[in-house]
Every structure is written in C-alpha cells, then in structure tokens.
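What the coordinates show
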Amino acid sequence: MSTFQAPKGTYDLIPPDSATYLAVREAIAAPLKNSGYGYIETPGFENIELFSRGVGESTDIVSKEMYAFETKGGDKLALRPEGTASVLRAALEANLHKAGNLPVKLWYSGSYYRYERPQKGRYRHFSQVGAEAIGAEDPALDAELIILADQAYRSLGLRQFRILLNSLGDKECRPVYRDALQGFLRALDVDEDTRRRIEINPLRILDDKRDAVQKQLVGAPMLRDYLCDACKAYHEEVRELLTAAGVTYEDDEKLVRGLDYYTRTTFEFVHDGLGSQSAVGGGGRYDGLSEMIGGPALPSVGWALGVDRTVLALEAEGIELELPATTSVFAVPLGEEARRVLFALVTELRRAGVAADFSYGGKGLKGAMKSANRSGARYTLVAGERDLAEGVVQLKDMESGEQTPVALVDAVNAIRERLA
Ligand code: AMP
C-alpha cells in the first residue's frame, strides 16, 4: 500500500470487477443508441450558477452536496452533481434545438460528484448513464424513455426492480397545490429544518423518510387531486402507453424527486435488494428548465441511471454477466528465438481480432503456464527451439489439456477457426 488511499466516499474500479461496470454502461447505452439518441459529452465542471438556477437553490444537491470552488482566475465553478443541466446547456449553446429536428435526443455517460454522507450505494463520486429528449411535449416520448430504461435493466437480467410513477403537474396547477400543501404543513408541529422547508420546498417534505413525519402527513392534500385537465390527460396517456408496452409500474403520488426542475411525469426505478439506497435510476419531464437557464421554452424529458447501484443490484440478484473472455490465446515462448516468433504471432492474432496475451518478463515454463491459467485463455501457444525448427507451434486446449502442433504459417487461421 502507498501513503495514499482513495478519498472518503470514493472507490476504484479494478479488474476483474471493472469489466462488469463497463458491461453495465454498455447495456444501458445500447437501447438508447438503437432509438435515435446521439452521444454527448460535457465537461466535469460547470459554472456554479447553472446548477443553482437549474437544479434549484433549495435542493440538498445544491445547498449541501455540491463541490464548489473558485479558480485562480476567479471563476466560480462546481463539479457536476447531475447531468441534465449540463446537457441542456450544451445543446442550447450548440443550437441543436434550432436544427429543425426536435426532439434533440442525447445520451451520456460519466462521473458525477456529490458531497454526501457515504454508505453502501451512496458515494461522493459515482457514475451515471443518462438520456435527454429535448424540445418536444409528447407523452410517447416520456413513455419511450421509461420503456428503454426498463429494457436496459431487463437486458442485464434484473427482475427485482419496480417503476414508480407520478405527475408533478405544470406551472398552472402546481402552484395551486403548493399553496394548499403549505397551508396544511404550516399547521403541523415540526422541527426547524422542516419548517424552513415548508417555505422553500414543501413538496420535498412528502418524501421525508422519517416515520413520525409520514404519520403527520396523513390527510395532506395530494397533487393528484389538483392536477389540471391537461396534466391529467397527459399523465393518463403516458400510463396507457406503458401498459400497452407491457411495462408494469406503480403509481406513487408521493414521488417528488430531489431536483426542482421536474414538471408532469416523474419516475424512479427502485430495486428491492438494495436496502436504504434503493433508487437505481430516475428522471422525469422538465418543461421549464431551459427557460430557467436563459434558453427558449423547450419542453423536455430525461433520466439518469446509476451505474454503481445497478452493479449492486446485479449482486443482490446473484446475476453474473456473461462477459467475453479477456484473453483467448496466451503465448508461452521457451527461449530467445521463440520469444521473437511468438511475439510476432501474438501481434498478428491481435490484428486479426483475436484477444491474445503474452508471457512477459522471461518467466520459466512453470511460471508462464501459471500466467496462462490465470489469464483464462482458451488456448495456450507454446513453442521451443525444436518446434520452431519444425515450423510449428504447440496449441494447447486449456479445457481438455490436449496439445496439437499447428504450422506456424497457418497458425492465425487455425486458431481463428477453432475459436469460431
Ligand atoms: P438522481 O439524479 O439523484 O435521481 O440520481 C439518479 C441515479 O444516480 C440514482 O438513482 C442513483 O442510482 C444514482 N446516484 C445518485 N446519487 C448517488 C450517489 N451519491 N452514489 C451512488 N449513486 C448515486
């Protein structure tokens, strides 16, 4: 061990486990790539105001969890705590919305940073794959995103997840509800923190995990009863489209989510094997966000799925992904000439698309065979002076133990045929 350790709340992805993370990222991205979403990458930090205006000054994410700093040049920046605000900023900056092809559909994958109290499934550095569909108000688009996330999780073999669905209303009906809820909450006997929250972010209180608070909330006005006709019809259509697609969901009228920008459709994917940090992904519609960050009106919808928690969900369900072997062929040279010949052969195999590795460092046969075993290779190539004199290399099948000489000139083809 060195003097240093990974900072608190972070961890390193290390082989062989890191392969699972890559596979999860790819599995989440695959349905998006297949549905018209283009890849976008934005910086790991942004002007702090993008998040305070976009995500919301009153949210935990902005008020407590943001890594904010001032550069030597005096710029006030923050490590990105989430992806949506950055992606929308980038789309507006590049005028993607003006290309006459709405919605602009984008997907991304990257690192996010929140100064949270670390625990299992909750880290200060974590990884998300996300998708945003910018500039269209269409219930089919909301449904599409939920269906694609469901497809991604299912493609990984996950089954013990549930989809929670709600509508948060729009700028017509939500303020009316907010007033009604505040009226109800102000009459309660609550701690100071909650009292402050009543004034700045009352909907968030519905989400309070404490039993005592939940008991006090019995009889609180529910948003469902305040939705305007347009919001009701919109939500009903999202639900119908999901049902028609065979995607099951649960209506959760207390689902408000921790970001201020959501309107109408909101949803969360929760996994039942994860304990308290059960949300594996979430998202919703954010029709007002573009205007909040100085853009034109662009109704949009998106989600972000957590890679770390998705990996934990796989573990909880005992799922081991079938990952392609990292090495198919491992070469073990015996002697100096064999080293040159086999190294050239390995290079050729790699250029032909065969995953191949080589015994480096001048190990003896025993040590080299150990490395071959550890590599998980299906075949080992061994060659000594006598083999080379005969123009062959020995191909050892690591499953059967059987060893056959193959002509050196034909080795690449012979190996490819066997692996096919
Ligand atoms: P949110 O933007 O908070 O809805 O986050 C979307 C998803 O990102 C969550 O469902 C989690 O899977 C993941 N996530 C959020 N915060 C963290 C964290 N601190 N550690 C690990 N994963 C997280």
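Residues numbered from 1 in each chain as written. Predicted model: local features only at pLDDT ≥ 70, side-chain atom pairs only at ≥ 80, totals over all residues. Heavy atoms only, no water.

1. Section: the pattern of salt bridges
For clarity, the threshold we go by: By convention in these notes, a salt bridge is any Lys or Arg side-chain nitrogen within 4 Å of a carboxyl oxygen on Asp or Glu. Numbered from the N terminus, helices here are DSSP runs of H or I no shorter than four residues, and strands are runs of E no shorter than two. Throughout, exposure labels follow a simple rule: accessible area from a 1.4 Å probe, protein chains only, divided by the maximum for the residue type, with under 20% read as buried, over 50% as exposed, and the rest as partly exposed.
The tally for this structure, following the rule as stated, stands at 31 salt bridges. Linking Asp272 and Arg162 is a salt bridge whose minimum nitrogen-to-oxygen distance equals 2.9 Å. Of the two residues, Asp272 sits in the loop between β9 (263–271) and β10 (279–285) while Arg162 sits in strand β7 (residues 161–167), which places them 110 residues apart along the sequence. The shortest N-O distance in the salt bridge between Glu399 and Arg378 comes to 3.5 Å. Taken together, the residues Glu399 in the loop between β15 (392–397) and β16 (403–407) and Arg378 in the loop between α13 (365–375) and β14 (379–383) connect sequence positions 21 residues apart. A relative accessible area of 64% means that Glu399 is categorised as exposed. Each member of the salt-bridge network shares a partner with another, and the members are Glu46, Arg89 and Glu93.

2. A few points about the sheet that holds strand β4 (residues 76–79)
Quick reminder of the rule: Only strands that DSSP links by at least two bridges are regarded as paired with each other. Between N-to-C directions, angles cover 0 to 180 degrees, with each direction set by a line fitted to C-alpha atoms, over the stretch in contact for helices.
In spatial order, the strands read β2-β4-β3; together these 3 strands make up an open sheet with antiparallel pairing. Two strands in the sheet have a free side with no partner beyond their single neighbour: β2 (45–47) and β3 (68–70). For this sheet the average axis-to-axis angle between neighbouring strands, irrespective of direction, equals 35°. With 3 bridges joining them, β2 and β4 adopt antiparallel strand pairing.

3. Quick notes on the packing of helix α1 (residues 18–33) against helix α11 (residues 307–316)
Filter applied, for reference: Each angle is binned into one of four classes, with values under 35 degrees roughly parallel, values over 145 roughly antiparallel, values of 65 to 115 roughly perpendicular, and all other values oblique. A contact between two residues is defined here by any heavy atoms of the two lying within 4.5 Å. Put simply, Ala, Val, Leu, Ile, Met, Phe, Trp, Tyr, Cys and Pro go in the nonpolar bin, Asp, Glu, Lys and Arg in the charged bin, and everything else, Gly too, in the polar bin.
Between α1 and α11, the least distance of the axes is 10 Å, while the angle of their chain directions is 110°. The orientation of α1 relative to α11 falls into the category roughly perpendicular. Contacts between α1 and α11 involve Thr20, Tyr21, Val24 and Arg25 from the first element and Val307, Asp308, Thr310, Val311 and Leu314 from the second. Here the residues of the contact of α1 with α11 are counted per class, giving 5 nonpolar, 2 polar and 2 charged.

4. A look at the site of the ligand
What counts is decided by this rule: We call a residue near a molecule or strand whenever a single non-hydrogen atom of that residue lies within 4 Å of it. Polar contacts here mean pairs of N or O atoms no more than 3.5 Å apart (in protein, one a potential hydrogen donor and the other a potential acceptor; neighbouring residues in sequence count only if both atoms are side-chain atoms).
As a matter of local geometry, the ligand sits amid 14 residues, with Arg114, Glu116, Tyr123, Gln128 and Arg257 nearest to it. Side-chain polar atom of Gln128 to an oxygen atom of the ligand: 2.9 Å apart, as the coordinates give it. Those elements that provide at least two residues to the shell around the ligand are β6 (125–134), β10 and β11 (300–306). In terms of residues, the shell around the ligand owes the most to one element, β10, which gives 3 residues. Tallied by class, the residues present in the shell around the ligand amount to 5 nonpolar, 4 polar and 5 charged.

5. Quick word on the domain arrangement of the chain
To be explicit about the condition: Segment limits for the domains were obtained from an automatic or database-derived domain assignment.
When its domains are assigned, the chain resolves into domain 1 (17–173 + 227–316) and domain 2 (329–419). If you average the C-alpha positions of domain 1 and of domain 2, the two centres end up 48 Å apart.

6. Some remarks on the side chain of Glu132
With respect to the secondary-structure elements, Glu132 resides in strand β6. Among the polar contacts listed, one links the side chain of Glu132 to the side chain of Tyr286, at a separation of 2.7 Å. Every residue in contact with Glu132, bar those within four places of it in the chain, is listed here: Tyr37, Gly83, Thr84, Val87, Val104, Lys105, Leu106, Tyr108, Tyr286, Val301, Gly302 and Trp303.

7. Some thoughts on the packing of aromatic side chains
Defined as follows: Note on aromatic contacts: the rings of Phe and Tyr and the six-membered ring of Trp form a pair at centre separations within 6.5 Å, being stacked when their planes are under 30 degrees apart, edge-to-face when over 60 apart, and tilted otherwise.
Using the criterion set out here, one finds 15 aromatic pairs in the structure. When the centroid spacing of 6.4 Å and the interplanar angle of 80° are considered together, the rings of Phe45 and Phe69 count as edge-to-face. Linking Phe45 in strand β2 with Phe69 in strand β3, this pair joins segments that are 24 residues apart in sequence. Overall, Phe45 belongs to the partly exposed group, its relative accessible area being 43%. Ring centres of Phe161 and Phe269 lie 6.3 Å apart, and the angle between their planes is 45°; on these two criteria the pair is classed as tilted. Remark: Phe269 occurs in strand β9 and Phe161 occurs in strand β7; sequence separation between them is 108 residues. Each of the two residues, Phe161 as well as Phe269, counts as buried. Joined through ring pairs, the aromatic side chains of Tyr153, Phe161, Phe267 and Phe269 make up one cluster.

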